[in-house]
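Reading the structure
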Amino acid sequence: VTRPLRVVIGLAVLSLTQLTACSSAGSDPLASVLSSLAAPTTSPSASATPTPAPSPSDCGNPEQTYNPLPSVPPPSTLPSGSYEAAIKARGRLVAGVSADTLLFGYRDPISGNVQGFDIDQLHAISQAIFGSPDKIEFRVITAAQRIPALIAGAKKDGIEKGGGVDIVARAMTVNCPRWGQVAFSAIYYRAGQRVLVRKDSKATSIKDLDGQKVCGPIGSTSIDNLKAYPKIVPVAVPNHTDCVALFQEGKVDAITGDDAILAGFVAQDPYAKVIGPAFTSEPYGLAVAQGHPEFVQFINAVLEQERTDGAWNASYTKWLAPRLGPGAGQPKPVYGRPVPPK
Amino acid sequence: VTTPTTVPRPTTGPGSFPPRPTLQGPGRALDALRGVFRGSVGQLRLIGTVCVLASLVFGVLGASAFRDRASALSDARADTAQLVRVQTIQTSLVQADAQATNGFLVAGLEPAGQRAIYDQAIASVAALISGAARAQPDDAPALGRVNANLSSYTELIAVARSNNRQGFPVGSAYLRQASDILRAQILPELAQLTEANRLRTSAAFDSSGAAGTWLGIAIGIGLVGLLAGAALLAMRTHRIINVPIAAAVAAVLLVVLVGGLFMSLAQAKARHVRSTSYTATYALARARVLAYDAKSEESLTLIARGSGQANELLSKSDLTQANTWFDVASKAGAGTSATNTQLSQWIEVHKVIRQADDTGHWDTAVATATRSGRHDSNPNFGAFAATSANALNAQAKAANNGLTTWHGPLVGSGWATLLLGLVAAVASWWGVAQRLEEYR
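The structure reproduced in this document is the subject of the present report. Source: prediction; values computed, not measured.

**Let's talk about the environment of Thr256(A)**
All names here are of chain A. As for its position among the elements, threonine 256 is in strand S12 (residues 254–258). A residue is classified by how much of its surface remains accessible, and threonine 256, at 0% relative accessible area, is buried. For threonine 256, the residues in contact, after removing those within four places along its chain, are Gln193, Arg194, Val195, Val214, Cys215, Gly216, Ser222, Leu226, His240, Leu262 and Phe279. For threonine 256, the side chain forms a polar contact with the side chain of glutamine 193, separated by 2.7 Å.

What follows is the structure in structure tokens.
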């Protein structure tokens, strides 16, 4: 091979090696970062999982509660060592409430205040503990979170860090299975379950809703009670008000719930009506964690005081009477439940 | 060795059949071809054919290698732009949602300014979606789904607002539905699109690398063919150099030197862009999406009012990941110190909000989250948002410019290579033809 050819071949080889050296555009620097971030993230919703209700145990009459204190003690002389004294020391009552149940517990979009019949009961308790009605921290919870929030609140730092609450005032029905997990005050409202349908519906009671979709909140007695109507298709959602949105969108045919709550829904939707007689009795109590019967006794004294000073009636007149009529007055309490030993 | 034309052609493979007389046509053509390359003249013709073919293969393959690299880099540029577009859709949507959510946090009438920011963000999302669907038709079906969900989302927000305006708490149920559509449908779809475009960009960078190999093969074929031809010709004709073939070799070498230089420089630039401005663009866009989401979770935590622990944890994990991406961007050469400082300032405000909410001062927390004073959440986050947007735009522009620089020279080299391949083919045939003349 001649010299010029050798030079040419040499140059070619040189260029080729250079080309192959550049053939890669570099590895992907993002791939390693992405794989390091792909580690699974923990989903933190422990408090949102409903605690399974224990099997119905015999609690006697579920409406029966502990005897009230003889009178509401003044805030300066709360019994030392009591739960109410601990709340006073903390400086605020932490309450689990609904923020979207018109009439009972809702945040008024215009004023921003949480208000309603349930909330008035809390103001009375705050007044009794602090001498001021507004020392309340509202924690908005779903129906299914009521018992878990109380159980979390009973643990150490459960209020501060565990999303727990001191008390639940959220249209909560008193019954034996729940007495197995929490304690209840005297009944402060007696509701009954009914159904809400479109104004043009021909149904006259829940018995006419076979094969239709009926919406109710997860973890509520309302949805449990539908089991008595096996041909109804139950639709359970986290918040009762979500049912109203689904109803207005035509995704469910009816909403079931307590008459008082359904009245709040009708107030928001003129194309809805509540039908049929109440097919259950739903007595509402204020719920607290087990282990503090003295706090239940304190609350019962507050409810008694509301009876005598007219606060209960004033609250009923303000929130419920316009929608539900004059009503039967503050429910008659049943006392005498034996206080469990500490 | 000569073969009589009447003898059947040798069989070409296993399972041969006896020749059929009807196949005389093609057989005759093949024999004629064989005749052309027979004897000394024929060998010269063969050498010429090899040189011409090598030159043509070199020209066509080389030109397509240049074109491949040019279009790969142009694809990488377009894919990077699409990546930024999709991630901007994500940030704008999260921003719109944060505004709508904030509107519910503030009691009373939604401030007009906040409503305007929401409307603007939704309008820009709609424009970006149609732009992105035009720019990358492969993304169009997913973007169509995003668009359909977006109209459900805006409709639900509108219903939520009108209920809110009447003082009906059912508004909050519609707000939840809207938020669910955004977080369960729209954002995951956009995240998949982001990933698809990242992979697309990555593939474009990789295929740009493959073009170098093809050019190497083209040059190899050209040089080996021409040099082999030249060497065989030299042995047969006892003349060391055939000027036209040497010129053809020179043409190939010109491509090796000049084209190879452009090719290498373009590739070096691409590699640089990939490890710097492209990486920084991606990382900054990613970090911004996460930071916006953290801001939005701040509002959702407050809306949940005491039950928002899950939202706060999401906010924390968003910020941790955002910091990782800012580090990536910083290592890739993006100036992130101002961005980091501003993000830290917002995080301090965020901590104040959480502290207030956790100690029972929800109203104070909401005020800090929704007002626009110097120590409130919105202006602090706004400062971060503006600075990080500028940093992102600067990096996206650098990536775009870097990937555009060598486009012209590569396309030019492609055409030049095709032309030189043709010139080399003509020259080498001419060179052989000179020798053939001597046999006439």
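**Remarks on the sheet that holds strand S3 (residues 105–107) of chain A**
An order of S2-S3-S4 (chain A) is seen for the three strands of this open sheet, with the pairing classed as antiparallel. The sheet terminates laterally at strand S2 (100–101) and strand S4 (114–115) of chain A, the two strands that pair on one side only.

**Details of the packing of helix H7 (residues 309–331) of chain B against helix H8 (residues 337–358) of chain B**
All names here are of chain B. Viewed as axis vectors pointing N to C, H7 and H8 meet at an angle of 170°, and their least axial separation amounts to 12 Å. Here H7 is positioned roughly antiparallel relative to H8, judged by the angle of their axes. Crossing hand, H7 versus H8: left-handed. When H7 is examined against H8, the residues Glu312, Ser315, Leu319, Asn323 and Phe326 are found in contact with a partner set consisting of Thr339, Asn340, Leu343, Trp346, Ile347, His350 and Arg354. Looking at the contact of H7 with H8, its residues break down into five nonpolar, five polar and two charged.

**Details of the interface of chain A and chain B**
Taken together, the contact between chain A and chain B spans 55 residues of the former and 65 residues of the latter. Taken together, the two surfaces of chain A and chain B that pack against each other cover about 4,800 Å², and 63% of this comes from carbon and sulfur. Between the two partners, chain A and chain B, sit two salt bridges. One can count eleven residue pairs in polar contact (both at pLDDT 80 or more) joining chain A with chain B. Counting only elements with at least two residues in the side of chain A that touches chain B, the list comes to helix H1 (3–21), helix H2 (29–37), S3, strand S5 (136–140), helix H8 (240–248) and helix H9 (259–268) of chain A. Examining the composition of the side of chain A that touches chain B, we find that ten residues originate from one element, H1(A), more than from any other. Residue composition of the side of chain A that touches chain B, grouped by class: 30 nonpolar, 17 polar and eight charged.

**Let's talk about the state of the cysteines**
Residues and elements named next belong to chain A. One pass over the structure, following the stated rule, counts two disulfides over all chains. The residue that forms a disulfide with cysteine 59 is cysteine 176, at a sulfur-sulfur distance of 1.9 Å. Its torsion about the S-S bond being -80°, the disulfide of cysteine 59 and cysteine 176 is classed as left-handed. Separated by 117 residues along the polypeptide, cysteine 59 in the loop between H2 and helix H3 (83–90) and cysteine 176 in helix H6 (residues 176–179) bring together distant segments of the chain. For the pair formed by cysteine 59 and cysteine 176, the shared burial category is buried. A sulfur-sulfur distance of 2.1 Å marks the disulfide that ties cysteine 215 to cysteine 243.

**Structural notes on the nonpolar core**
Membership of the largest hydrophobic core comes to 184 residues, with the highest contact counts inside it found for Leu122(A), Tyr189(A), Tyr153(B) and Trp325(B). Examining the composition of this core, we find that 23 residues originate from one element, helix H6 (residues 243–304) of chain B, more than from any other. For Trp325(B), the residues in contact, after removing those within four places along its chain, are Leu30(A), Val33(A), Leu34(A), Leu37(A), Tyr282(B), Ala283(B), Arg286(B), Ala287(B) and Leu290(B). Counting twelve residues, the second largest nonpolar core, distinct from the first, contains Ala203(A), Leu209(A), Val214(A) and Ile223(A).

Criteria and thresholds
Residues numbered from 1 in each chain as written. Chains lettered and ligands numbered in written order. Predicted model: local features only at pLDDT ≥ 70, side-chain atom pairs only at ≥ 80, totals over all residues. Heavy atoms only, no water. Helix = DSSP H or I, 4+ residues; strand = E, 2+ residues; numbered from the N terminus. Buried < 20%, exposed > 50% of the residue type's maximum accessible area, 1.4 Å probe, protein only. Contact = heavy atoms within 4.5 Å. Polar contact = N/O pair within 3.5 Å; in protein donor to acceptor, adjacent residues only side chain to side chain. Pairing = 2+ DSSP bridges. Axes fitted to C-alpha atoms, helices over the stretch in contact; angles between N-to-C directions. Parallel < 35°, antiparallel > 145°, perpendicular 65-115°, else oblique. Left-handed = near helix turned anticlockwise from the far one by under 90°. Nonpolar A, V, L, I, M, F, W, Y, C, P; charged D, E, K, R; others polar. Buried area = accessible area lost by both parts, 1.4 Å probe. Salt bridge = Lys/Arg side-chain N within 4 Å of Asp/Glu carboxyl O. Disulfide = S-S within 2.5 Å. Core = buried A, V, L, I, M, F, W, Y, C linked by side-chain atoms within 4.5 Å.

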